[in-house]
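One letter stands for each residue in the lines below.
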Amino acid sequence: VVLGTPIKSIVIDMLSQFDKTAKRLKQIHSLIKTRATGNRKVLAEKIGLSESHLSEYLRYIRDQGIEIAYDHNNDCYFYPEGQSFRFFCGFEVDN
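Residues numbered from 1 in each chain as written. Predicted model: local features only at pLDDT ≥ 70, side-chain atom pairs only at ≥ 80, totals over all residues. Heavy atoms only, no water.

Section: the pattern of salt bridges
Worth spelling out the cut-off: Within this document, salt bridges are pairs made up of a side-chain nitrogen of Lys or Arg and a carboxyl oxygen of Asp or Glu, the two lying within 4 Å of each other. Secondary structure elements are defined from DSSP: runs of H or I of at least 4 residues count as helices, runs of E of at least 2 residues count as strands, and each element is numbered from the N terminus. Think of it in three bands: residues with accessible area under 20% of the maximum for their type are buried, residues over 50% are exposed, and the middle band is partly exposed, with areas taken using a 1.4 Å probe on protein chains only.
Scanning the model with the defined rule gives two salt bridges in all. Here D19 makes a salt bridge to K23, at a shortest N to O gap of 3.2 Å. Placement of both D19 and K23 in helix α1 (residues 5-33) is noted, with a separation of four residues, approximately one turn of the helix. Since its relative accessible area comes to 53%, K23 is described here as exposed. A salt bridge links R35 to D71; the nearest nitrogen and oxygen atoms lie 3.7 Å apart. In this pair, R35 sits in the loop between α1 and α2 (40-47) while D71 sits in strand β1 (residues 69-71), placing the two residues 36 residues apart along the sequence. With a relative accessible area of 38%, R35 lands in the partly exposed category.

Looking at the packing of aromatic side chains
What counts is decided by this rule: Each pair of aromatic rings taken from Phe, Tyr and Trp, with Trp reduced to its six-membered ring, is defined by centres within 6.5 Å and is described as stacked if the planes are under 30 degrees apart, edge-to-face if over 60, and tilted in the remaining cases. Here, over-ring charges are defined by two tests on the NZ atom of lysine or the CZ atom of arginine: distance to the ring centre within 6 Å, and angle to the ring normal within 35 degrees.
In this structure the tally under the stated criterion is one aromatic pair. Look at Y70 and Y77: their rings are 4.8 Å apart centre to centre, the planes differ by 70 degrees, and that puts the pair in the edge-to-face class. Assessed through its relative accessible area of 24%, Y70 is described here as partly exposed. Judged by relative accessible area, Y77 falls into the buried class, the value being 5%. Against the face of F78 rests R35, its NZ or CZ located 4.1 Å from the ring centre.

Observations regarding a nonpolar patch on the surface
For clarity, the cut-off: The patches described consist of residues with a relative accessible area above 30% and no salt bridge, like charges being joined within 9 Å and nonpolar side chains (Val, Leu, Ile, Met, Phe, Trp, Tyr) within 5 Å. Using the Shrake-Rupley algorithm and a 1.4 Å probe, accessible areas are obtained, with residue cover drawn only from the displayed protein chains.
Residues I7, V11 and L15 make up a contiguous nonpolar surface patch of about 230 Å² in total accessible area. With respect to the secondary-structure elements, L15 resides in helix α1.

Note that all results are geometric; they support no functional claim without further evidence.
Here you go:
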């Protein structure tokens, strides 16, 4: 399949946005997993997001059935004990 320039540009933009979102989710996951998030403001700064956009990412993660708790003593997000999962994303091509 040969894509015309406008469609190719749209696809490239979509893949770029997907890649950026996937990297942010992976970064958030890594920081939560290691309890290195800091509070909401600090985490947003680490990821390069506004606090409201960070909230959208956290909501998305929770919507996947993943529990995220907050430790007020250490000011960080964490995954409760006994919860285990692997973060991955990508494409699979069918021929």
